[in-house]
Each structure stands twice: as structure tokens, then as C-alpha cells.
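# Geometric and topological summary
The chain contents come next:
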Amino acid sequence: SKDGKVLVRNFLYLSLLQIASYVFPIITMPYLARVIGLAGFGKLAFASAVMVWIQTIVDWGFNFTATRDVAQNRNNIQKVSEIFSSVLWARCVLMLISFLFLFLLIGVVPKFRVNADVLLASSFMVLGHILFPEWFFQAMERMKYITILNLLSKLLFTVAVFYFIKEKDDYILQPIFTSLGFVVSGIIAFYYILVKW
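First, a word on scope: everything that follows refers to the structure included in this document. The model shown is predicted, which means the values in this text are computed figures rather than measured ones.

Scoring rules and cut-offs
- Residues numbered from 1 in each chain as written.
- Predicted model: local features only at pLDDT ≥ 70, side-chain atom pairs only at ≥ 80, totals over all residues.
- Heavy atoms only, no water.
- Helix = DSSP H or I, 4+ residues; strand = E, 2+ residues; numbered from the N terminus.
- Rg over C-alpha atoms; globule rule 2.2 N^0.38 Å.
- Buried < 20%, exposed > 50% of the residue type's maximum accessible area, 1.4 Å probe, protein only.
- Contact = heavy atoms within 4.5 Å.
- Areas by Shrake-Rupley, 256 points an atom, 1.4 Å probe, with all protein chains shown as cover.
- Lys, Arg positive; Asp, Glu negative; His and termini not counted.
- Charge placed at Lys NZ, Arg CZ, Asp CG, Glu CD.
- Polar contact = N/O pair within 3.5 Å; in protein donor to acceptor, adjacent residues only side chain to side chain.
- 1 Å grid on protein atoms, 1.4 Å probe; cavity = no way out; pocket = protein on both sides within 12 Å on 5 of 7 lines; lining within 4 Å.
- Points joined across faces, edges and corners; volume = space filled by probe spheres on them.
- Nonpolar A, V, L, I, M, F, W, Y, C, P; charged D, E, K, R; others polar.
- Phe/Tyr/Trp six-rings, centres within 6.5 Å; stacked < 30°, edge-to-face > 60°.
- Lys NZ or Arg CZ within 6 Å of the ring centre and 35° of its normal.

## A closer look at the overall build of the chain
- In terms of helices and strands, the chain carries nine helices and zero strands.
- Along the chain, helices and strands appear, N-terminal first, in the series α-α-α-α-α-α-α-α-α.
- For 197 residues, the compact-globule estimate of 2.2 N^0.38 gives 16 Å, and the C-alpha radius of gyration of the chain, at 18 Å, lies within 12% of that figure.
- The C-alpha extent of the chain, read off along each of the three principal axes, is 55 × 35 × 25 Å.
- A buried classification covers 43% of the 197 residues belonging to the chain.
- For the chain, the proportion of contacts with a sequence separation of at least 24, taken over those separated by at least 6, is 82%.
- Counting every atom, the chain has about 11400 Å² of accessible surface; 71% of that belongs to carbon and sulfur.
- One way to put it: in the chain the 17 positive side-chain charges average out to a point 5 Å from where the 10 negative ones average out.

Below, the structure written as C-alpha cells:
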């Protein structure tokens, strides 16, 4: 049936998106470990772990509840718009609170202060994560184009890692490129939503 084909297609695109989110970092890790050394790699790992915590706070379970709510009201554009706006603003507020706490930690905790540059460079990943509402595309069953665009932007910035990072001191470029990949993907997704809906 038509619905069955749409479901399978969206599942495949979603799976591809999830696989890519793991594959691209795995491709760059051995290269980074060799070029920037253990100290630089440790800084990146620390910043990445902190961003995972912040991202978990910002998500706040919306990936489940908002997906369900939009799917249930898919034909009601006004309701979908209300849900989308509420989730977007809630995530932005959670991000601001998390960043304020991060700035406090940078000012007070020596470990955070020493790694302030890489933490701040990595923080744009969270913004990109907010701008790319994967939950919305799941609920609306529109994964094809946004998956392709997301993969292209991630591929571009993964290639940039190999092209620009050549020395130990270049470790700061990795979170910048990764964050740019997230932000560009998010902007494309946001533009797609505004134009199509």
C-alpha cells in the first residue's frame, strides 16, 4: 500500500541519518588521534561529553512527546504550528539555562576554565541540534530531502577536518567544523520547514 511504502522509505532514511551520525565521527577519530595527539584528543572528548549532557537537557524528551503530538495532529496545521513553536522555544530556553550554567562552571571550575575554548567551540552543536528538528520530520513522515541535505553538509565538514587539521594545535578546528555541520544542517531544515509548511 501507499502508506506502507511511505513508512518503509521514511524508516530507511531515518536509519541512514542515524548511521551517518555515528559513521562520520568514527571516520575522523583515528586521524584526529594521530594528528592532534592524546592531549588534544582528550580535550575534544571532554567537550563532547559536556555537550552530550547539555543536549540531553535541551531534548527534555521532546523527541518522543512532540513527535507523538505532531503525528496525532498532522492534518491540523495550526495545532502543528503551535506544537512546533512551543517545543522550539522551550528548547531554546533550556539551552540558554544550560549555557549559563556552563559559563558558571568555566568561571569556577579549573578543568572547565582550561578547556573553555573547546567547550565554547563545541557549544554550537547544541544550537544546530535545536535547529534540526528530526522529531518533526519523523512525525510528518518527510525524511528524504532533509536526510540527503544533512548527509551532504556533514560530509562537507568531515572532509574539512582532513583538509585543515594538520598539527596538534589545530584540534580546536574539529569542534568548529562539526558545529558548522550541525548548524548548516539545522538552517537547511528550518528553511525547508518554513517554505514547505
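Now that the structure has been shown, we can carry on.
## Considering the side chain of H129
- By secondary structure assignment, the location of H129 is in helix 6 (residues 124-131).
- Its relative accessible area of 17% is what places H129 among the buried residues.
- Of note is the side chain of H129, whose polar atom sits 3.3 Å from the side chain of R91.
- Look past the residues within four positions of H129 in its chain and what remains in contact with it is Q55, D59 and R91.

## Things to note about unusual backbone geometry
- One non-glycine residue, W60, adopts positive backbone phi at about 50°.
- Note that W60 resides in the loop between helix 1 (2-59) and helix 2 (62-72).
- Residue class for W60 comes out exposed when judged on its relative accessible area of 59%.

## A short note on the layout of surface pockets
- Size it by volume and the largest pocket reaches roughly 1300 Å³.
- As for the largest pocket, its lining consists of 43 residues, of which S21, P25, Q55, M125 and F182 are closest to the centre.
- When contributions to the lining of the largest pocket are tallied by element, the ones reaching two or more residues are helix 1, helix 6, helix 7 (134-140), helix 8 (144-164) and helix 9 (173-196).
- When residues of the lining of the largest pocket are assigned to their parent elements, the largest contribution, 20 residues, is made by helix 1.
- The residue makeup of the lining of the largest pocket, split by class, is 22 nonpolar, 17 polar and four charged.

## Concerning empty space enclosed by the protein
- This structure, assessed with the given rule, holds one cavity of 30 Å³ or more.
- Quantified by volume, the largest cavity comes out at close to 40 Å³.
- Ranked by the residues each element gives to the lining of the largest cavity, the list is headed by helix 3 (residues 77-108), at four residues.
- Grouping the constituent residues of the lining of the largest cavity by class yields six nonpolar, no polar and one charged.

## Brief notes about the packing of aromatic side chains
- Going through the model one piece at a time under the given rule, you end up with nine aromatic pairs.
- When the centroid spacing of 5.8 Å and the interplanar angle of 80° are considered together, the rings of F136 and F137 count as edge-to-face. Neither F136 nor F137 differs from the other in exposure class; each is buried.
- Through a chain of ring-to-ring contacts, the aromatic side chains of F84, F132, W135, F136 and F137 assemble into a single cluster.
- Above the face of the F46 ring, K111 is positioned so that its terminal group lies 5.1 Å from the ring centre.

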